[in-house]
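Reading the structure
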Amino acid sequence: MITVSQNADVTPQQLDRYARLVYEKIGVTISAQKTTLLSNRLRRRLRALNLDCYDAYYELLRKVAADDPEWDEFLNEVTTHETYLFRDETHWNWLRNVYLPQILLEGRAGRRPKSLRVWSAACSTGDEATSIACCAADRLTPMNEWKIEVFGSDVGAGAVAQARKLTFGERAMRLVPADHKRRFFDRLTDGTHAAKPMLRELVRFETHNLLYPLKQPAFDLIFLKNVLIYFDVASKRKVLETVRRALKPGGMLVTGAAEGVAELIKDMESTSGWLHRSPMRAATASGVRT
Ligand SMILES: C[S@@+](CC[C@H](N)C(=O)[O-])C[C@H]1O[C@@H](n2cnc3c(N)ncnc32)[C@H](O)[C@@H]1O
């Protein structure tokens, strides 16, 4: 039995067992290269729970109910939450300068309802959803004529709780254009930036595991970035099934450039490695539904 005080890493067998737990729960894969990282993170939970070995924590996770808060603590330690506003400039240039002006024109011409529903899937602490809301508020004018809904979701309850605060530190805000900072955020005395009420009205956050269907009306646009990189092909397929079912026919999906989805969404029209249009008829992973 390995005690925490020895600061030893998990054994390959322990790594395997923990990796299986994570994979079954959220689809994320953990490789042997992550041994030290995983061990360091697990030791934090062992200390918090006053447990003296990795096996004891593993047994605890196996015994507690699926909705026990310890699961969230555990998954929070083993997932990556890195995010910041206006991450990946190309995507925001497309949203601001191509997509939103186009739907604005269509809306004004009466060719589409003046409404926009966007999902920031795996939103972590809400930075991506907030960036989307900034762009929509900036471009879809007059805003009171538009119904804008930005929905952010993440499997992590802690991340979602933080997202709901809609408050961001200097580092997360570093790429926000100066005029957006002025118009959409208030600077608090502790130096953080809190979204103004006009932005808060547009966004909503909930927990959701991407391996399972989302029970929501369909979206015009879905952002699914920097999450599939942690999944194997089988889990990617499940997530893409969830996401494609949530997209309106003809809706747009924005993925990270390195997400490795091209082979899995062949029936979608991909104009680049990261921008994909859903077919005009609803699709499933196995083909187009009639
Ligand atoms: C690196 S963050 C990406 C944040 C944001 N999309 C971005 O690009 O800046 C990855 C997030 O995916 C979430 N995640 C991992 N597996 C998930 C799953 N099965 N369902 C929903 N979210 C998941 C993690 O909790 C984490 O917050």
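Residues numbered from 1 in each chain as written. Predicted model: local features only at pLDDT ≥ 70, side-chain atom pairs only at ≥ 80, totals over all residues. Heavy atoms only, no water.

This part covers the overall build of the protein. The helix and strand tally for the protein stands at ten helices and twelve strands. Taken along the three principal axes of its C-alpha coordinates, the protein extends 70 × 55 × 30 Å. Buried positions account for 50% of the 290 residues belonging to the protein. Expressed as a percentage of contacts within the protein between residues at least 6 apart in sequence, the contacts between residues at least 24 apart total 71%. Counting every atom, the protein has about 14,100 Å² of accessible surface; 51% of that belongs to carbon and sulfur. Between the mean site of the 43 positive side-chain charges and the mean site of the 35 negative ones, the protein shows a separation of 4 Å. (Helix = DSSP H or I, 4+ residues; strand = E, 2+ residues; numbered from the N terminus. Buried < 20%, exposed > 50% of the residue type's maximum accessible area, 1.4 Å probe, protein only. Contact = heavy atoms within 4.5 Å. Areas by Shrake-Rupley, 256 points an atom, 1.4 Å probe, with all protein chains shown as cover. Lys, Arg positive; Asp, Glu negative; His and termini not counted. Charge placed at Lys NZ, Arg CZ, Asp CG, Glu CD.)

Here we come to the packing of aromatic side chains. Inspection of every chain in the model, using the stated rule, returns 13 aromatic pairs. When the ring of Y18 is compared with that of F74, the centres are 6.0 Å apart and the planes differ by 45 degrees; the resulting orientation is tilted. Of this pair, Y18 sits in helix 1 (residues 12-26) while F74 sits in helix 4 (residues 69-78); the two residues are 56 residues apart in sequence, bridging distant segments of the chain. With 6.4 Å between their ring centres and 35 degrees between their planes, W119 and F151 make a pair best called tilted. Highlighted residues: W119 in strand 1 (residues 115-121) and F151 in strand 2 (residues 147-154), separated in sequence by 32 residues. Its relative accessible area of 2% is what places F151 among the buried residues. An aromatic cluster is built from Y18, Y57, Y58, W71 and F74, whose rings are joined through pairwise contacts. When the ring centre of F219 is taken as origin, the NZ or CZ atom of R117, which lies over that ring, is 4.2 Å away. (Phe/Tyr/Trp six-rings, centres within 6.5 Å; stacked < 30°, edge-to-face > 60°. Lys NZ or Arg CZ within 6 Å of the ring centre and 35° of its normal.)

Lining the immediate environment of the ligand, one finds 19 residues, of which I26, T83, R87, D154 and N226 sit closest. D154 is positioned such that a nitrogen or oxygen atom in its side chain is 2.7 Å from an oxygen atom of the ligand. Contact between the ligand and N209: a nitrogen atom at 3.0 Å from a side-chain N or O atom of the residue. Protein coverage of the free-state accessible area of the ligand, which is 610 Å², stands at 99%. Its residues placed into classes, the shell around the ligand shows seven nonpolar, seven polar and five charged. (Near = heavy atom within 4 Å. Polar contact = N/O pair within 3.5 Å; in protein donor to acceptor, adjacent residues only side chain to side chain. Nonpolar A, V, L, I, M, F, W, Y, C, P; charged D, E, K, R; others polar.)

By size, the foremost hydrophobic cluster in this structure holds 44 residues, and its most contacted members are W94, L95, Y99, L140, F185 and L221. Elements with a minimum of two residues in this core: helix 5 (89-108), strand 1, helix 6 (127-139), strand 2, helix 7 (157-165), strand 6 (203-207), strand 7 (219-224) and strand 8 (247-255). Contact partners of Y99, with chain neighbours within four places excluded, come to W94, L116, D220, L221 and M252. Residues L21, L75, L210 and A246 belong to the second largest nonpolar core, which totals 43 residues. (Core = buried A, V, L, I, M, F, W, Y, C linked by side-chain atoms within 4.5 Å.)

Domain assignment breaks the protein into domain 1 (4-78) and domain 2 (89-288). The partner domain 2 presents eleven residues to the eight residues of domain 1 that form the contact. For the pair domain 1 and domain 2, the summed buried area comes to about 730 Å², and 47% of that belongs to carbon and sulfur atoms. For domain 1, the biggest contributors to the area lost against domain 2 are Y23, I26 and D72; these three give 50% of the whole. Where domain 1 touches domain 2, the interface holds seven residue pairs in polar contact (both at pLDDT 80 or more). No other element matches helix 1, which puts four residues into the side of domain 1 that touches domain 2. Among the residues making up the side of domain 1 that touches domain 2, the classes are represented as three nonpolar, two polar and three charged. (Domains from an automatic or database assignment. Buried area = accessible area lost by both parts, 1.4 Å probe.)

Right, let's talk about the sheet that holds strand 5 (residues 193-195) for a bit. Within the open sheet, the three strands sit side by side as 3-5-4. Their pairing is antiparallel. A strand with exactly one partner marks an edge of an open sheet, and here the two such strands are strand 3 (167-168) and strand 4 (185-187). Two elements, strand 3 and strand 5, share two bridges in a ladder whose sense is antiparallel. Within the sheet, the bridge partner assigned to F168 lies in strand 5 and is H193. (Pairing = 2+ DSSP bridges.)

Here T167 shows up in strand 3. Its relative accessible area of 23% is what places T167 among the partly exposed residues. Taking C-alpha positions, T167 is 30 Å from R43, a pair spaced 124 residues apart along the chain. Contact partners of T167, with chain neighbours within four places excluded, come to Q162, L188, T192, H193, A194 and R200. From its side chain, T167 meets the backbone oxygen of K165 in a polar contact 2.9 Å long.

On to the sheet that holds strand 1, then. Taken in spatial order, the seven strands line up as 6-2-1-7-8-10-9 in an open sheet, and their pairing is mixed. The two strands at the open ends of the sheet, each matched to only one other strand, are strand 6 and strand 9 (269-270). Both strand 2 and strand 6 contribute to a ladder of five bridges, which runs parallel. Bridge pairing in strand 6 places F151 opposite R204.

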